[in-house]
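# Fold and geometry: a report
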Amino acid sequence: GETLVDRAYSSIVAQHYFREAMAKTTAVRHNLTLVCCANLTECLVGWYTKGGLDDTEEVKPIADLYKTQVRALAKHIPIVESVQNRQPSSDMGIGTDEDIGLPDYLTMDLVLKGYLELGMAPKLISKEANIPIWEVVDVILKYRRSEHMRNGAFTTKDTDYFNLRTQSYFNCVDINQPNPIKKQG
């Protein structure tokens, strides 16, 4: 049967789907374009609802920008300061990103850029960015564990999700080796 966690998760996902449906309906009714606000950092660590509003195929003006780049950009365009300074959350009442255990965005951005774009080994990222190795590995695991969200159907092509959930961090990521699948620019 369905567990309490399954029911709670289903409820949160249903709320996201409802919100997306309402936004799309309103956009069509008023001849508007739906603009997605998901950024690269959140996409890479899986901090969005698959099939929800942030996963829409509409216009995505900041989808290729890391969160720290989005914040820097916001300082140069006329956006209300309260919106610029708002703490990110899922808007579903479960707290901000930091409240639920995500590292700060600067840490995630440095790790993701180093690992995915520059092909750096986790140990080197830790040393160069002065980030504890466990945090570097944590961000890389968030990236690996959310691959199925970015690539459509669940896949175990690059990593075995279930083994990643049960093995220790340091058995999952060789901290001395660069990313074997460096992001192609």
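Not measured: the values here are computed from a predicted model. (Residues numbered from 1 in each chain as written. Predicted model: local features only at pLDDT ≥ 70, side-chain atom pairs only at ≥ 80, totals over all residues. Heavy atoms only, no water.)

Looking now at the pattern of salt bridges. One pass over the full model with this rule turns up 3 salt bridges. In this structure, K142 engages D138 in a salt bridge whose closest nitrogen and oxygen atoms are separated by 3.2 Å. Linking K142 with D138, this pair stays in helix α7 (residues 133-145), spanning 4 residues, or about one helical turn. (Salt bridge = Lys/Arg side-chain N within 4 Å of Asp/Glu carboxyl O. Helix = DSSP H or I, 4+ residues; strand = E, 2+ residues; numbered from the N terminus.)

So, on to the side chain of D109. Looking at the secondary structure, you find D109 in helix α5 (residues 105-117). This buried residue, D109, is left without a salt bridge; R71 holds the nearest opposite charge, at 7.5 Å. A polar atom in the side chain of D109 sits 2.4 Å from the side chain of T41. Those residues in contact with D109 that lie beyond four places of it in its chain are T41, Y66, K67 and T68. (Buried < 20%, exposed > 50% of the residue type's maximum accessible area, 1.4 Å probe, protein only. Lys, Arg positive; Asp, Glu negative; His and termini not counted. Polar contact = N/O pair within 3.5 Å; in protein donor to acceptor, adjacent residues only side chain to side chain. Contact = heavy atoms within 4.5 Å.)

We now examine the nonpolar core. The nonpolar side chains of a soluble globular protein tend to be buried with one another. One finds L44, M108, V111, L112, I125 and V136 to be the most contacted residues of the largest nonpolar core, which totals 18 residues. Of all the elements in the fold, those that place two or more residues in this core are α2 (40-45), α5 and α7. Considering each element in turn, this core owes the most residues, 6 residues, to α5. The contact partners of V111, leaving out residues within four places of it in the chain, are I125, I131, V136, V139 and I140. (Core = buried A, V, L, I, M, F, W, Y, C linked by side-chain atoms within 4.5 Å.)

Before going further, it helps to examine the side chain of R144. With respect to the secondary-structure elements, R144 resides in helix α7. Buried and unpaired, R144 has E147 as its nearest opposite-charge partner, separated by 8.0 Å. Engagement of the side chain of R144 in a polar contact is seen with the side chain of Y115, the distance being 3.1 Å.

Reading fine detail from the predicted coordinates is not recommended where pLDDT is low. Summing up the model confidence of the chain, the mean pLDDT is 76 and the portion of residues at 70 or higher is 69%. Confidence drops under a pLDDT of 50 for residues 153-170, and excluding neighbours within four residues, the segment shows 28 contacts in the predicted structure. (pLDDT = per-residue confidence, 0-100.)

Our next topic: the packing of aromatic side chains. Enumeration according to the criterion identifies 0 aromatic pairs in this entry. For K67, the ring lying beneath its charged end belongs to Y105, and the centroid distance is 5.3 Å. (Phe/Tyr/Trp six-rings, centres within 6.5 Å; stacked < 30°, edge-to-face > 60°. Lys NZ or Arg CZ within 6 Å of the ring centre and 35° of its normal.)

A positive phi angle, near 55 degrees, is found at N31, a position not held by glycine. Residue class for N31 comes out exposed when judged on its relative accessible area of 72%. Unlike most non-glycine residues, N130 shows phi in positive territory, near 55 degrees. Assignment of secondary structure puts N130 in the loop between α6 (122-129) and α7. Its relative accessible area of 70% is what places N130 among the exposed residues.

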